[in-house]
Amino acid sequence: MTDQVTKPALAAIQEWLLGTCRDLGLRATGPEDDFFETGGTSLTAIKLIAKVEERYGDGALPPDDLFTQSSMHGIAASIGRNATVTGTPGEPRA
């Protein structure tokens, strides 16, 4: 495993992230959308972090990253950098 996220992996993470955010009630449609501008709150952030950790491992989305890199692309990049579970980015959501 490398420290660098490949484009296909990042795209798969972004796709999963956008779907998960929509499931949480956000109006996210693309990688430039901001988590908070699409309706994200501190409660939604906690729910998202829990879902990310469930899929990509503990610490995959540090809260500081969510608040400082709140675009969907920035969040996906953080997940890609910090993920400890491999082989799940392209799998369909449960």
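Reading the values: rules and limits
- Residues numbered from 1 in each chain as written.
- Predicted model: local features only at pLDDT ≥ 70, side-chain atom pairs only at ≥ 80, totals over all residues.
- Heavy atoms only, no water.
- Buried < 20%, exposed > 50% of the residue type's maximum accessible area, 1.4 Å probe, protein only.
- Helix = DSSP H or I, 4+ residues; strand = E, 2+ residues; numbered from the N terminus.
- Contact = heavy atoms within 4.5 Å.
- Salt bridge = Lys/Arg side-chain N within 4 Å of Asp/Glu carboxyl O.
- pLDDT = per-residue confidence, 0-100.
- Phe/Tyr/Trp six-rings, centres within 6.5 Å; stacked < 30°, edge-to-face > 60°.

(A) Structural view of helix 4 (residues 72–82). Here helix 4 lies mainly inside the structure; 8 of its 11 residues are buried. Within helix 4, burial applies to M72, G74, I75, A76, A77, S78, I79 and G80.

(B) Fine view of the environment of T38. Along the chain, the position of T38 falls in the loop between helix 1 (7–23) and helix 2 (42–56). For T38, a relative accessible area of 6% corresponds to the buried category. For the pair T38 and L26, spaced 12 residues apart in sequence, the C-alpha to C-alpha distance is 5.4 Å. Sequence-distant contacts of T38, defined by excluding residues within four places in its chain, comprise L26, R27, A28 and D33.

(C) Just the pattern of salt bridges, in detail. Tallied over the full model, the rule gives 1 salt bridge. Between R81 and D65 there is a salt bridge, with its nearest N and O atoms 3.7 Å apart. Linking R81 in helix 4 with D65 in helix 3 (residues 63–68), this pair joins segments that are 16 residues apart in sequence.

(D) Main features of the confidence of the model for the chain. Here the chain shows a mean pLDDT of 87. Residues at 70 or above account for 82%. Per-element confidence in the chain is highest for helix 2, whose mean pLDDT is 97, and lowest for helix 1, whose mean pLDDT is 90.

(E) Examining the packing of aromatic side chains more closely. Across all of its chains, the model carries 3 aromatic pairs by this definition. Ring centres of W16 and Y56 lie 5.2 Å apart, and the angle between their planes is 80°; on these two criteria the pair is classed as edge-to-face. Highlighted residues: W16 in helix 1 and Y56 in helix 2, separated in sequence by 40 residues. Both residues of the pair, W16 and Y56, belong to the buried class. Ring plane angle 25° and centroid distance 5.3 Å describe the contact between F36 and F67, whose orientation is recorded as stacked. A residue pair is termed long-range when its members are at least 10 positions apart, and F36 in the loop between helix 1 and helix 2 and F67 in helix 3 qualify at 31 residues. Classification of F36 by relative accessible area gives partly exposed; the value is 27%. An aromatic cluster is present here, built from F35, F36 and F67 joined pairwise through their rings.

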